[in-house]
Amino acid sequence: MLTVDFDRLGIGPGTRVIDVGCGAGRHSFEAFRRGADTVAFDQDAEELANVEVMLKAMAEADEAPAGTKAETVRGDALALPFDDESFDVVIASEILEHIPHDDAAIAELVRILRPGGQLAVTVPRWLPERVCWALSTEYHSNEGGHVRIYRADELRAKIGSRGMRFTHRHHAHALHAPYWWIKCAVGVRNENNPLVKAYHRLLVWDMMGRPRATRLAEAMLDPLVGKSVALYFTKPAVRRAAA
């Protein structure tokens, strides 16, 4: 289930991509599959171990073009262990809401992006997230949980203040918003609740089969209740002084 629009980013062979806060690796896998040299970056060693296993399995199954590279790197998003301007595309999907010092993290994302490169950032959208917080304290007050709710314009301004040029915004995963509202209402750990189980089956069916009916429904609902908002930026090329 991708939140970032890879076609918009033009990711393909020859592109160097980092997926910061990669989690289970969904965006890293797609970048690798498309032929990008990919770095899956996270602070969770266990998650990274699973991602590395999957990347190796993909390579062995020829699911990525020959010669494509992928690696996992563990570290802190506030001090990325990469040189300035190292990547053509930087992806940070659903991580900034977890980081108390988000301005420092944004500065690092911008630092490692080359001039002319693209940054894609996704966070939970304000309205669906506000409903979750209202329904459940447990949803956001756990260790490593969400520390803030962003308004898209606020986040756009934060990133734009680093010299980045905003290019596009879209919303995603509208069908997932009601699922989390139900979980928050009955208890986020109550996986055996009949409503939770039924809705989960619907989401699995949708993700596995991608039926036309649910695709159309989500496309119509995304602008209204999309669970995530995705923001895209480019880093202006450095202008050289005239000779």
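Since the model is a prediction, treat every value here as computed from it, not as a measurement. (Residues numbered from 1 in each chain as written. Predicted model: local features only at pLDDT ≥ 70, side-chain atom pairs only at ≥ 80, totals over all residues. Heavy atoms only, no water.)

Asker: When you look at the overall build of the protein chain in this model, what are you seeing that I'm missing?
Answerer: If you tally the helices and strands in the protein chain, you get nine helices and seven strands. In terms of principal-axis extent, the alpha carbons of the protein chain reach across some 70 × 45 × 35 Å. By the burial criterion, 47% of the 243 residues in the protein chain qualify as buried. Relative to all contacts within the protein chain whose residues are 6 or more apart in sequence, the contacts with residues 24 or more apart total 77%. A total accessible area of about 12500 Å² is found for the protein chain, and carbon and sulfur atoms account for 53% of it. (Helix = DSSP H or I, 4+ residues; strand = E, 2+ residues; numbered from the N terminus. Buried < 20%, exposed > 50% of the residue type's maximum accessible area, 1.4 Å probe, protein only. Contact = heavy atoms within 4.5 Å. Areas by Shrake-Rupley, 256 points an atom, 1.4 Å probe, with all protein chains shown as cover.)

Asker: Explain the sheet that holds strand E5 (residues 113-124) here, please?
Answerer: Think of a sheet as strands paired side by side through backbone hydrogen bonds, with each pair either parallel or antiparallel. Taken in spatial order, the seven strands line up as E3-E2-E1-E4-E5-E7-E6 in an open sheet, and their pairing is mixed. Each end of this open sheet is capped by a strand with a single partner; those strands are strand E3 (70-74) and strand E6 (165-172). The sheet shows a mean angle of 15° between the axes of neighbouring strands, direction not considered. As judged from the seven bridges shared by E5 and strand E7 (residues 228-234), these two strands associate in the antiparallel manner. By the bridge assignment for E7, valine 121 is matched with leucine 231. Contacts from helix H6 (residues 152-160) reach E5, E6 and E7, with the element oriented near 25° to E7. (Pairing = 2+ DSSP bridges. Axes fitted to C-alpha atoms, helices over the stretch in contact; angles between N-to-C directions.)

Asker: Would you mind showing me how to read helix H4 (residues 102-111) here?
Answerer: An α-helix turns once every 3.6 residues. As a result, residues three or four positions apart point the same way. If you check which residues of H4 are buried, you get Asp102, Ala105, Ile106, Glu108, Leu109 and Val110. Residues of H4 that are buried make contact with strand E1 (16-20), strand E4 (87-93), E5 and H6.

Asker: Sorry, what's going on with the packing of helix H2 (residues 26-33) against helix H3 (residues 45-60) here?
Answerer: Helix packing for two helices is described by the angle between their axes and how far apart those axes are. One way to put it is that H2 packs onto H3 with a least axis distance of 11 Å and a crossing angle of 20°. By the angle between their directions, the pair H2 and H3 is classed as roughly parallel. For the element pair H2 and H3, the recorded crossing hand is right-handed. Between H2, through Phe29, Phe32 and Arg33, and H3, the contact on the second element is made entirely by Val51, Met54, Leu55, Met58 and Ala59. Of the residues in the contact of H2 with H3, the class split is seven nonpolar, no polar and one charged. (Parallel < 35°, antiparallel > 145°, perpendicular 65-115°, else oblique. Left-handed = near helix turned anticlockwise from the far one by under 90°. Nonpolar A, V, L, I, M, F, W, Y, C, P; charged D, E, K, R; others polar.)

Asker: Mind showing me how you'd approach the UniProt feature "domain: Methyltransferase type" (unreviewed entry) in the protein chain here?
Answerer: The feature "domain: Methyltransferase type" (unreviewed entry), as given by UniProt, occupies residues 18-120 in the numbering adopted here. Within the segment residues 18-120, helix and strand shares are 33% and 28% respectively, and the terminal C-alpha atoms sit 11 Å apart. (UniProt positions renumbered as here; feature names shortened; annotations may be inferred.)

Asker: Mind showing me how you'd approach the packing of aromatic side chains here?
Answerer: Geometrically, a pair of aromatic rings is defined through the distance of the ring centres and the angle of the planes. Overall, the coordinates contain six aromatic pairs when judged by the stated rule. With 6.0 Å between their ring centres and 65° between their planes, phenylalanine 41 and phenylalanine 82 make a pair best called edge-to-face. In this pair, phenylalanine 41 sits in strand E2 (residues 37-42) while phenylalanine 82 sits in the loop between E3 and E4, placing the two residues 41 residues apart along the sequence. Note on phenylalanine 82: relative accessible area 13%, which makes it buried. (Phe/Tyr/Trp six-rings, centres within 6.5 Å; stacked < 30°, edge-to-face > 60°.)

Asker: What exactly am I supposed to notice about the nonpolar core here?
Answerer: Generally speaking, a soluble globular protein has its nonpolar side chains buried in company with each other. In terms of nonpolar packing, the biggest core is built from 31 residues, with Ile18, Val20, Phe82, Val90, Leu96, Leu119 and Leu155 touching the most fellow members. The set of elements that each furnish at least two residues to this core consists of E1, E2, E4, H4, E5, H6 and E7. Within the second largest apolar cluster, 12 residues are counted, among which are Leu9, Ile11, Val89 and Ala120. (Core = buried A, V, L, I, M, F, W, Y, C linked by side-chain atoms within 4.5 Å.)

Asker: Sorry, what's going on with unusual backbone geometry here?
Answerer: Peptide bonds are mostly trans, and most non-glycine residues show a negative phi. For aspartate 62, which is not glycine, the phi dihedral falls at a positive 55°. Checked against the element boundaries, aspartate 62 lands in the loop between H3 and E3. Even without a glycine there, the phi angle at arginine 210 is positive, about 45°. Position of arginine 210 relative to the elements: it lies in the loop between helix H8 (194-209) and helix H9 (212-225). For arginine 210, a relative accessible area of 52% corresponds to the exposed category.

Asker: Whenever I open this one, a nonpolar patch on the surface confuses me. Can you help?
Answerer: A cluster of nonpolar side chains, contributed by Met1, Val204, Met207 and Met208, occupies part of the molecular surface with about 400 Å² of accessible area. For methionine 207, the position within the fold is in helix H8. (Patch = residues over 30% accessible without salt bridge, like charges linked within 9 Å, V, L, I, M, F, W, Y side chains within 5 Å. Salt bridge = Lys/Arg side-chain N within 4 Å of Asp/Glu carboxyl O.)

Asker: What is the right way to look at the environment of leucine 9 in this model?
Answerer: By the element assignment, leucine 9 lies in helix H1 (residues 6-9). Taking the C-alpha atoms as reference points, leucine 9 and tyrosine 232, separated by 223 residues in sequence, lie 8.6 Å from one another. The residues touching leucine 9, leaving out its near neighbours within four places in the chain, are Val4, Val89, Ile91, Gln118, Ala120 and Tyr232.

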